[in-house]
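Letter by letter, the chains look like this.
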Amino acid sequence: MEASAGLSDSLRREMASIKSVSLYEKIAIVYRALGILLLYILWVQTDSGMAGLFLLLVLLTLMLLRWRFPPLGWTIVIDQLAVVGVTFLWDSSRYVLALGMFDAVYLGCPFLAIPTVLYSVIYKPESILYLLLAQSAFVGMALWGWRNHQEEALRRMDEERSRYYETESFKQELLAANVQVAKMAELSERSRIASEIHDHAGHEIVAAYMSLQTAQALFETDPSQAKELFSEALGRLESGMGDIREAVHNLSPFAEFGVVTLRRLCEKFLHCPVEFIVYGDPSLVSVYQWVILEACLKEALTNVLRHADPNKVRATLDITPHIIRLCVENDGVNKRIGSAGLGLRNLQQRAKAVGGNVSTDQTDCFRLVCVLPINQKGC
Amino acid sequence: MTIFRFALMRGLRKKSMFAALFAVPLAMIFIRPLWTPENGAGFVFYGMVILFAAFSLVRLIMTDRVSGTIVRIFAAPVTTFQYLSQNLLAYWLILGIQTVVMVAVGAMLYEWGIEMAAQLILCYTVFAVASIALSLAWTSLFRSKVISDAVFSIVVSFMALLGGIFIPLSMLPDILRKIGMLFPTYWFSNSLLGIRDGAASREYWLSLLIMLLLSAASLLYGSKRRLE
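From a predicted model like this one, the values you see are computed outputs, not experimental measurements. (Residues numbered from 1 in each chain as written. Chains lettered and ligands numbered in written order. Predicted model: local features only at pLDDT ≥ 70, side-chain atom pairs only at ≥ 80, totals over all residues. Heavy atoms only, no water.)

Caption draft 1: Here's a closer look at the overall build of chain B. Along the backbone of chain B there are ten helices and zero strands. Secondary structure elements in chain B, listed N-terminal to C-terminal, are α-α-α-α-α-α-α-α-α-α. On the principal axes, the C-alpha backbone points of chain B span a range of 55 × 40 × 30 Å. Taking all 228 residues of chain B together, 50% fall into the buried category. (Helix = DSSP H or I, 4+ residues; strand = E, 2+ residues; numbered from the N terminus. Buried < 20%, exposed > 50% of the residue type's maximum accessible area, 1.4 Å probe, protein only.)

So this is what it looks like as structure tokens:
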């Protein structure tokens, strides 16, 4: 399943736009590189002294350092101090203070531009520098806003994805627990039946057996006693049979399940005739598997109602010693179904939770196939 | 230091590489006209030998990256810093040994004196650092070794031209000199001029400092691109 399957539409749109997530970073790099290049051209045209070249190399190195290690953003203070220092040797270098201003605003820490602000206040340079500083601050702010927006969108996407995966995982756990509970219930019921037979019918039958053995021994020597014991044994056997009958009567489920339910579902479907065929031994199928098969059949018939106008629906249940396969197929499909809907996805997950699979095929007709494994008894 | 040890072994494994690293410089040092005080071309040519040797060694990192070996290396608990630092240190050590051998032989043959020999060793080893860093930054730009090699040869020829390898720095036009100042070859030639002018000259130390700054910038760039 796609990772974005559970995300809302607005967030999917955000995801599409987020592909350009690092574009603002690229623009910032280009802006800084342009600044360094202009400084170099200025240096070539004006001073060409060693102080200017040193400043250029120091600024370049620090810029690369921040690019390589983003947490070192505070080093822009060093940039500005270096520029202020070099202004005493090369006056034109003060223009590069605009880069410091840009970085400080872009990083969202305007206080890092204090050296530039102090220099502007104390030395009162010409208005072109103020203009440059304002322009850099503006560009920095625009990119900062862009970055913040993208980061916020990313954060929200992460949160929603995290919630989605948590829900999915919770659902899987619930389904697994469901299977577990069904198995536990089966074991518990099995234990109850054993106890019922042992405690009631079992005692009567054992007593009858012992009476019959004694009667057999007394048959030659004391026929009247043997006859009495024989009658008693018959009475005990009758009582035991009564207990067994009662136990079986008590164990019979009130609600219908299994093949009967599936057949009844097919009979109740009035949209078109449904042919239901069963192959194999239905007693091999566990209760929780019947629940899934029933849900599959319901989903398939609902799909027929929604998307098809068939002449006939055919449902086949194959039960082999190792797998159960339910296949529901119909003709007269009006429109092709794209990706699996919620109902089908849930079914797939439920089948997956018990080691099975639900798939669809639309080549010549619509076909829904559910395959479940049969666990060996006691496994 | 496993990576360091293997980088050393790998650097010296190929006979062609071994010959380029040691035979060529040693052959150069015996060509007496190259090392006369008037000519001095040998000093700058040896710089080019270092530059190409550094590039050949750093190509091994590129080979790791292109062949996908780097993915397997990083499957082990190895950080980018450990991988790069140990590889580059190994290459620098190879170039350092080569330089020491070369200068020692030169000092014996041409009576350079201890001070000049020490200055030459320092100058060459700093230039070796700059060459390794530059090669790392350069190789990080490319995915194909063939293109990287071809373009590097062209760029190096320009660097050599602007850096005073073929033409003395004093003869270069002002604008070309200023462009050349952006490359380590310029400062390498400048430092050699500093040695010629006299011990502990300002130009010499300044050139070394700028070469180190350029190395830092190149290392920072080369250590990130397409390596992680």
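More follows now that the structure is in view.
Caption draft 2: Representation of empty space enclosed by the protein within the structure. All names here are of chain A. Throughout the structure, instances matching the rule amount to four cavities of 30 Å³ or more. Counted as a void, the largest cavity has a volume near 90 Å³. Lining the largest cavity are 13 residues, with L59, R66, D79, L99 and G100 sitting closest to its centre. For the lining of the largest cavity, the elements supplying multiple residues, two or more each, are α2 (23–45), α3 (50–68), α4 (76–87) and α5 (97–106). Take the lining of the largest cavity: its biggest share by element is four residues, from α5. Across the lining of the largest cavity, the residue classes break down as seven nonpolar, two polar and four charged. (1 Å grid on protein atoms, 1.4 Å probe; cavity = no way out; pocket = protein on both sides within 12 Å on 5 of 7 lines; lining within 4 Å. Points joined across faces, edges and corners; volume = space filled by probe spheres on them. Nonpolar A, V, L, I, M, F, W, Y, C, P; charged D, E, K, R; others polar.)

Caption draft 3: The arrangement of helix α11 (residues 342–353) of chain A in detail. Residue and element names in this part refer to chain A. Relative to the 16 Å expected for twelve residues at 1.5 Å per residue, α11 spans 16 Å between its end C-alpha atoms, a close match to the ideal helical length. On the buried face of α11, the contacting elements are α7 (127–218), α10 (287–307), β4 (357–361) and β5 (366–373). Positive backbone phi, approximately 85°, marks G355, located one or two places after α11. (Expected span 1.5 Å × (residues − 1). Contact = heavy atoms within 4.5 Å.)

Caption draft 4: A look at the packing of helix α3 (residues 41–67) of chain B against helix α6 (residues 114–139) of chain B. All names here are of chain B. Contact geometry of α3 with α6 gives a least axis separation of 8 Å together with a crossing angle of 35°. Handedness of the α3/α6 crossing: right-handed. Between α3, through F43, Y46, G47, I50, L51, A54, F55, V58, I61, M62 and R65, and α6, the contact on the second element is made entirely by M116, L120, Y124, F127, A128, S131, I132, L134, S135, L136, W138 and T139. (Axes fitted to C-alpha atoms, helices over the stretch in contact; angles between N-to-C directions. Left-handed = near helix turned anticlockwise from the far one by under 90°.)

Caption draft 5: Highlighting unusual backbone geometry. A positive phi is found at E111(B), a non-glycine position, where the angle reads about 55°. Mapped onto the elements of the fold, E111(B) is located in the loop between α5 (80–110) and α6.

Caption draft 6: Looking closely at the packing of aromatic side chains. The full count for this structure, using the stated rule, is 22 aromatic pairs over all chains. Every member of this aromatic cluster is reached through a ring pair, and the members are F52(B), F55(B), W138(B), F142(B) and F152(B). Taking the ring centre of Y95(A) as reference, the NZ or CZ of R94(A) above it sits at 5.0 Å. Positioned over the ring face of Y106(A) is R147(A), at 4.9 Å from the centre of the ring. (Phe/Tyr/Trp six-rings, centres within 6.5 Å; stacked < 30°, edge-to-face > 60°. Lys NZ or Arg CZ within 6 Å of the ring centre and 35° of its normal.)

Caption draft 7: The interface of chain B and chain A, seen in detail. Each side of the interface is counted separately: chain B has 20 residues, and chain A has 17 residues. Carbon and sulfur atoms supply 79% of the area that chain B and chain A bury against each other, a total of about 1700 Å² over both sides. Contact with chain A buries surface across chain B, with K178(B), L213(B) and L220(B) losing the most and accounting together for 34% of the total. Our enumeration of links across chain B and chain A arrives at zero salt bridges. (Buried area = accessible area lost by both parts, 1.4 Å probe. Salt bridge = Lys/Arg side-chain N within 4 Å of Asp/Glu carboxyl O.)

Caption draft 8: Representation of the sheet that holds β5(A) in the model. All names here are of chain A. Across the sheet, five strands lie side by side as β1-β2-β3-β5-β4; this open sheet has mixed pairing. One side of each edge strand has no neighbouring strand; the edge strands of this open sheet are β1 (274–279) and β4. For this sheet, the mean angle separating the axes of adjacent strands, direction not counted, is 10°. Bridge count for strand β3 (residues 323–330) against β5 is eight bridges, and the pairing is antiparallel. Opposite R325, over in β5, you have V371 as the bridge partner. Together, β1 and β2 (313–319) form the strand contacts of helix α9 (residues 259–268), whose direction differs from that of β1 by roughly 165°. (Pairing = 2+ DSSP bridges.)

Caption draft 9: Region of the structure containing α4(A). Residue and element names in this part refer to chain A. In this model α4 runs 17 Å from its N-terminal to its C-terminal C-alpha over twelve residues, within 8% of the 16 Å that 1.5 Å per residue would give. Looking only at α4, the buried set comprises I76, D79, Q80, V83, V84, V86 and T87. Projected down its long axis, α4 carries its buried residues within an arc of 165°, all on one side. Where α4 is buried, its residues touch α3, α5 and α6 (114–123). (Arc of directions from axis to C-beta.)

Caption draft 10: Summary view of the domain arrangement of chain A. Domain annotation of chain A identifies domain 1 (9–163), domain 2 (174–251) and domain 3 (259–373). Computed over C-alpha atoms only, the centres of domain 1 of chain A and domain 2 of chain A are separated by 91 Å. (Domains from an automatic or database assignment.)

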